[in-house]
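So the chains spell out like this:
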Amino acid sequence: ILNVEQSPQSLHVQEGDSTNFTCSFPSSNFYALHWYRWETAKSPEALFVMTLNGDEKKKGRISATLNTKEGYSYLYIKGSQPEDSATYLCAFEGGSEKLVFGKGTKLTVNP
Amino acid sequence: EPEVTQTPSHQVTQMGQEVILRCVPISNHLYFYWYRQILGQKVEFLVSFYNNEISEKSEIFDDQFSVERPDGSNFTLKIRSTKLEDSAMYFCASRRTGGQPQHFGDGTRLSIL
């Protein structure tokens with residue numbers, strides 16, 4: 001059974017703080033690792049698709065790294081803003097079509 | 001920006017009734033998916049659909065479930081005889097090719113009474 005774990009489950013930070021969270025996934029049969037940002041009552045928004053070991057991707061203040069050999073990815077947010085408050089999901093894509101999701105990290109940024 | 005649209009946003013149905021959830025994927029996408037999230041649990045894969053047939057399904061996707069692409073735009077999920085445990089948020093997703101992000105709709109909240 002494929003298992004994707006995210007930590008922490010929830011995080012409260014102050015505006016301006018930088019933060020990071022972790023996604024761990026199986027290191028075998030790896031094809032891609034997806035990060036999504038999910039606000040309540042909206043659709044999950046794709047942030048990154050990462051495929052290569054050592055990959056780093058950046059979108060504004062958000063960046064992500066990937067280690068496929070040890071099976072983890074980090075998502076970083078620099079200078080958090082209240083509008084960054086959301087649940088951040090990672091999803092593992094192996095040798096099939098499906099995405100296997102973690103439970104998410106719920107980020108709350110206090111003004 | 002093109003998006004995946006789902007209707008209805010909320011569906012309330014009596015146990016044992018049939019329900020059809022509708023999705024309009026992004027127009028030039030070729031791969032279509034259904035996922036669900038039971039409250040408090042992970043988002044779970046149900047089924048993938050490509051070239052007018054199911055390409056993969058999970059063990060959740062039993063004989064009570066079916067999918068259809070009846071025309072060039074809609075992609076539907078039918079649950080034939082709903083059970084209480086089918087209550088969940090159901091998400092449709094699509095993508096153009098493998099290795100690209102799957103784009104999700106806003107979901108349909110299905111409540112079985």
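Everything numeric in this text was worked out from a predicted model, so none of it was measured.

Peer 1: Which residues make up the overall build of chain B, and what values do they have?
Peer 2: Within chain B one finds zero helices and eleven strands. Listing each helix as α and each strand as β along chain B from the N terminus yields β-β-β-β-β-β-β-β-β-β-β. Taking 13 Å as the expected radius of gyration for a compact globule of 113 residues, we find that chain B reaches 13 Å, a close match to that expectation. C-alpha atoms of chain B, sized along the principal axes, occupy 35 × 25 × 25 Å. Counting across all 113 residues of chain B, residues that qualify as buried make up 45%. Within chain B, residue pairs in contact and separated by at least 24 positions form 54% of the contacts whose partners lie at least 6 positions apart. For chain B, the exposed surface amounts to about 5,700 Å²; the carbon and sulfur share of it is 45%. Placing the 11 positive and 14 negative side-chain charges of chain B at their respective mean positions leaves the two points 0 Å apart.

Peer 1: Any chance you could break down the sheet that holds strand β3 (residues 19-24) of chain B for me, citing the residues and the numbers?
Peer 2: Residues and elements named next belong to chain B. Strands sit in the order β1-β3-β8-β7 across an open sheet of four strands; the sheet is antiparallel. Taken across any chain shown, the strands that pair with only one partner, and hence form the sheet edges, are β1 (5-7) and β7 (65-68). Sheet twist, expressed as the mean angle between neighbouring strand axes with direction ignored, is 20 degrees. Sheet topology note: the β3/strand β8 (residues 75-79) ladder contains five bridges and is antiparallel.

Peer 1: Tell me about the side chain of E93 of chain A, and please be specific about residues and values.
Peer 2: By secondary structure assignment, the location of E93 of chain A is in strand β9 (residues 86-93). At a separation of 2.7 Å, a polar atom in the side chain of E93 of chain A contacts the side chain of R95 of chain B. Here E93 of chain A is in contact with N29, F30, Y31, A32, H34, K98 and L99 of chain A together with R95 and G99 of chain B, once residues within four sequence places are set aside.

Peer 1: If you had to explain the layout of surface pockets to someone new, which residues and values would you point to?
Peer 2: The probe, sized like a water molecule, is rolled over the atoms to show the empty space still left. Its volume calculated, the largest pocket comes out at about 650 Å³. Elements that contribute at least two residues to the lining of the largest pocket include exactly β9 and β11 (105-110) of chain A together with β9 (88-95) of chain B. Split into classes, the residues belonging to the lining of the largest pocket amount to nine nonpolar, twelve polar and six charged.

Peer 1: Give a description of the pattern of salt bridges that names residues and reports values.
Peer 2: Scanning the model with the defined rule gives nine salt bridges over all chains in all. Notably, a salt bridge pairs K59 of chain A with E45 of chain A, separated by 4.0 Å at the nearest N-O pair. Linking K59 of chain A in strand β6 (residues 56-59) with E45 of chain A in strand β5 (residues 45-50), this pair joins segments that are 14 residues apart in sequence. We classify E45 of chain A as partly exposed; its relative accessible area is 35%. The residue R36 of chain B makes a salt bridge to D86 of chain B at a minimum N-O spacing of 3.9 Å.

Peer 1: With reference to specific residues and values, describe the sheet that holds strand β1 (residues 5-7) of chain A.
Peer 2: All names here are of chain A. Strand order in the open sheet made by the five strands is β1-β3-β8-β7-β6, with antiparallel pairing throughout. Two strands lie at the open edges of the sheet, namely β1 and β6, each paired on one side alone. Averaged over all neighbouring strand pairs, the angle between strand axes comes to 15 degrees, with direction disregarded. Two elements, strand β7 (residues 62-67) and strand β8 (residues 72-77), share six bridges in a ladder whose sense is antiparallel. Looking at the pairing, S63 lines up with Y76 of β8.

Peer 1: So, the packing of aromatic side chains: which residues are in play, and what are the values?
Peer 2: Here a ring pair, both rings aromatic, is described through the centre-centre distance and the interplanar angle of the planes. Applying the stated rule across the entire model yields 20 aromatic pairs over all chains. Ring plane angle 45 degrees and centroid distance 5.4 Å describe the contact between Y35 of chain B and F104 of chain B, whose orientation is recorded as tilted. Of this pair, Y35 of chain B sits in strand β4 (residues 31-37) while F104 of chain B is found in strand β10 (residues 103-104), placing the two residues 69 residues apart along the sequence. Judged by its relative accessible area of 0%, Y35 of chain B falls in the buried class. Residue classification places F104 of chain B among the buried positions, given a relative accessible area of 6%. Aromatic rings pair up to connect Y36, W38 and F101 of chain A together with Y33, Y35, F45, F91 and F104 of chain B into one cluster.

How each quantity is defined
- Residues numbered from 1 in each chain as written.
- Chains lettered and ligands numbered in written order.
- Predicted model: local features only at pLDDT ≥ 70, side-chain atom pairs only at ≥ 80, totals over all residues.
- Heavy atoms only, no water.
- Helix = DSSP H or I, 4+ residues; strand = E, 2+ residues; numbered from the N terminus.
- Rg over C-alpha atoms; globule rule 2.2 N^0.38 Å.
- Buried < 20%, exposed > 50% of the residue type's maximum accessible area, 1.4 Å probe, protein only.
- Contact = heavy atoms within 4.5 Å.
- Areas by Shrake-Rupley, 256 points an atom, 1.4 Å probe, with all protein chains shown as cover.
- Lys, Arg positive; Asp, Glu negative; His and termini not counted.
- Charge placed at Lys NZ, Arg CZ, Asp CG, Glu CD.
- Pairing = 2+ DSSP bridges.
- Axes fitted to C-alpha atoms, helices over the stretch in contact; angles between N-to-C directions.
- Polar contact = N/O pair within 3.5 Å; in protein donor to acceptor, adjacent residues only side chain to side chain.
- 1 Å grid on protein atoms, 1.4 Å probe; cavity = no way out; pocket = protein on both sides within 12 Å on 5 of 7 lines; lining within 4 Å.
- Points joined across faces, edges and corners; volume = space filled by probe spheres on them.
- Nonpolar A, V, L, I, M, F, W, Y, C, P; charged D, E, K, R; others polar.
- Salt bridge = Lys/Arg side-chain N within 4 Å of Asp/Glu carboxyl O.
- Phe/Tyr/Trp six-rings, centres within 6.5 Å; stacked < 30°, edge-to-face > 60°.

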